[in-house]
Amino acid sequence: MEKFEAKQVIEYLRSGVSSRRLSSLFSYGREAALERVSRDLKRVKAEGSVLSLVVKGNFGNGKTHFLNIIFKQAEEMNFAVSFVPLSRETPFDRLDRLYRRAVAGLFLPGYAQPGLTPLLEGLRPDSAEAEEILGYTGRNLHPRLEAILRNYLEGGDAYNQHILLSDLAGDFVPNAQLKSIHRLNFGKPLSLTRFTVKENIFDYFRLLAYLIRARGYAGWVILFDEFEQLMYLGVTARANAYLNAARFMSPSYGLTAAYTVFAASANLWSELIWKQKNSDYDVVPQKLAARGREHEIPTVREVFGHFLRDNLFLDTLSTFDTRRLLQAVRDCHARAYSWPAPVDLDQITGNLPSDRPLRTVIRAVVEYLDLQYLYGERPEITVAVPEEILPDEAAAGA
């Protein structure tokens, strides 16, 4: 690692922000979990399967970091990867917002910038590959998507192509404008059946998954971070979110070669899904029944069962793995600033409470090294680490 690169890594660690670069350097203690993911990815690549995984862990134990490790490995295996952090602006009950964010965060192997433009570059309108994609779209998806794709490929106007590309990215074009573009390109009217975002948006996910596979990539890995954001939704919205999750878990919804990972804090289960009183396992089916949606209850139950069966818990790193990680941090700091960082880690970590999240410990170690580097001697201070504020506590205090 070069000096400049080492400084970048230390800056990431100092700020507490995870990244793909950090994931390639600091994956200590997650080898067994990563092996499971590797087996899943190989199956998706070989069979075109639709698989999913729930990753859970305590706050600050490295869930986002582990998603970045998956990101790096998937990219090396020729997968397209979308990283989608959930938030109030991107809630899981709104598939249109999820899709828009998934496209904005879509990275293809070999491309530094995200987006779906590289998937369509080089796709000739008269080629067998283009006809195969259009044939799949026409047979399996809403007619609007075939019209969008055909007009994009066969239309000659660059401005209209930009509009159609924006539609494929989730900025939907009004039907009247699409019909106008079609008439301009082909000289005849376009007849479309009714399209609603709520009912038909998942066809866009299906098209993108198929397009990724058809263009020679191994498949599509979708990483949903902060899945515990469900805790801030109402009961009806949570019910819709669970039903949306089912679409990514089962091949019956039409995805092609897709691997979806949901990362959530462990308190999502203890405080919402499996708690002893008024848990979502009971409340959500009751809400669906009250709204005349009894037919959706088995799907929600299956999602809960998936959460229970197919999950991966990221436990606190062992003392041995924590030491290996902190040694790597120390070595990186020494390389970044060309100085003999202290060898004895105990003098750095001795005052840190053992129950602190790993992220907090790493930031404290980096701060300690910064101080010793600046002042040339071991700081005579007691390292006091403030309590980290959990997301629900922050919301309560706002």
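Residues numbered from 1 in each chain as written. Predicted model: local features only at pLDDT ≥ 70, side-chain atom pairs only at ≥ 80, totals over all residues. Heavy atoms only, no water.

A. Spatial organisation of the pairing of strand E2 (residues 80-85). Burial analysis of E2 places five of its six residues in the buried class, the great majority of the element. In terms of strand pairing, E2 meets strand E4 (residues 220-225) through six bridges, oriented parallel. In the strand pairing of E4, Ala80 is matched with Trp220. Where E2 lies against strand E3 (residues 106-107), two bridges are found, and the strand directions are antiparallel. Following the sheet pairing, Val81 is matched in E3 by Phe107. (Buried < 20%, exposed > 50% of the residue type's maximum accessible area, 1.4 Å probe, protein only. Helix = DSSP H or I, 4+ residues; strand = E, 2+ residues; numbered from the N terminus. Pairing = 2+ DSSP bridges.)

B. Highlighting the packing of helix H13 (residues 235-249) against helix H16 (residues 297-309). Put simply, H13 and H16 touch, their axes get as near as 9 Å, and they point 65° apart. With respect to each other, H13 and H16 are oriented roughly perpendicular. For H13 against H16, the interelement crossing comes out left-handed. From H13, Tyr242, Leu243, Ala245, Ala246 and Met249 reach across to H16, where they touch Thr299, Val300, Val303, Phe304, His306 and Phe307. Residues belonging to the contact of H13 with H16 are distributed by class as follows: nine nonpolar, two polar and no charged. (Axes fitted to C-alpha atoms, helices over the stretch in contact; angles between N-to-C directions. Parallel < 35°, antiparallel > 145°, perpendicular 65-115°, else oblique. Left-handed = near helix turned anticlockwise from the far one by under 90°. Contact = heavy atoms within 4.5 Å. Nonpolar A, V, L, I, M, F, W, Y, C, P; charged D, E, K, R; others polar.)

C. Here's a closer look at helix H17 (residues 319-337). A rise of 1.5 Å per residue sets the reference length of H17, with its 19 residues, at 27 Å; its end C-alpha atoms lie 27 Å apart and thus fit the reference within 8%. Just past H17, the residue Ser338 takes up positive phi, approximately 50°. (Expected span 1.5 Å × (residues − 1).)

D. Spatial organisation of the sheet that holds strand E1 (residues 50-57). Taken together, the six strands give an open sheet; going across it, the order is E3-E2-E4-E5-E1-E6, and neighbouring strands pair in mixed fashion. The sheet is open, and its two borders are formed by E3 and strand E6 (311-314), each paired with just one other strand. Against the sheet, H13 engages E1, E4 and strand E5 (258-265), with an angle of about 125° to E1.

E. Expanded view of the environment of Met249. By the secondary structure assignment, Met249 is in helix H13. For Met249, a relative accessible area of 13% puts it in the buried group. C-alpha of Met249 to C-alpha of His306: the two residues are 57 residues apart in sequence and 8.4 Å apart in space. Every residue in contact with Met249, bar those within four places of it in the chain, is listed here: Val50, Ser52, Phe262, Val303, His306 and Phe307.

F. The arrangement of the pairing of E5 in detail. When you tally the buried positions in E5, you get eight out of eight residues, the bulk of the element. Of the two faces of E5, the one carrying Ala258, Thr260, Phe262 and Ala264 and the one carrying Tyr259, Val261, Ala263 and Ser265 are both buried. As paired strands, E1 and E5 are joined by eight bridges and run parallel to one another. When the bridges of E5 are listed, Leu53 appears paired with Val261. Two strands pair when backbone bridges link them, and E4 and E5 are joined in this way by five bridges, in the parallel orientation. When the sheet's bridge partners are listed, Leu223 is paired in E5 with Val261. The parallel pair E4 and E5 is bridged by H13, and the resulting crossover is right-handed. (Right-handed = clockwise from strand over helix to strand, strands pointing away.)

G. Quick peek at the packing of aromatic side chains. Tallying each qualifying case throughout the model produces 25 aromatic pairs. Judged by centre distance (5.2 Å) and plane angle (25°), the ring pair of Phe202 and Phe205 falls under stacked. Within this pair, Phe202 and its partner Phe205 are both found in helix H12 (residues 202-214), separated by three residues, close to a single helical turn. Each member of the pair, Phe202 together with Phe205, is buried. Here Tyr242 and Phe304 contribute two aromatic rings whose centre-to-centre distance is 4.8 Å and whose plane-to-plane angle is 70°, an arrangement assigned as edge-to-face. Of this pair, Tyr242 sits in helix H13 while Phe304 sits in helix H16; the two residues are 62 residues apart in sequence, bridging distant segments of the chain. The exposure class of Tyr242 is buried, given its relative accessible area of 0%. (Phe/Tyr/Trp six-rings, centres within 6.5 Å; stacked < 30°, edge-to-face > 60°.)

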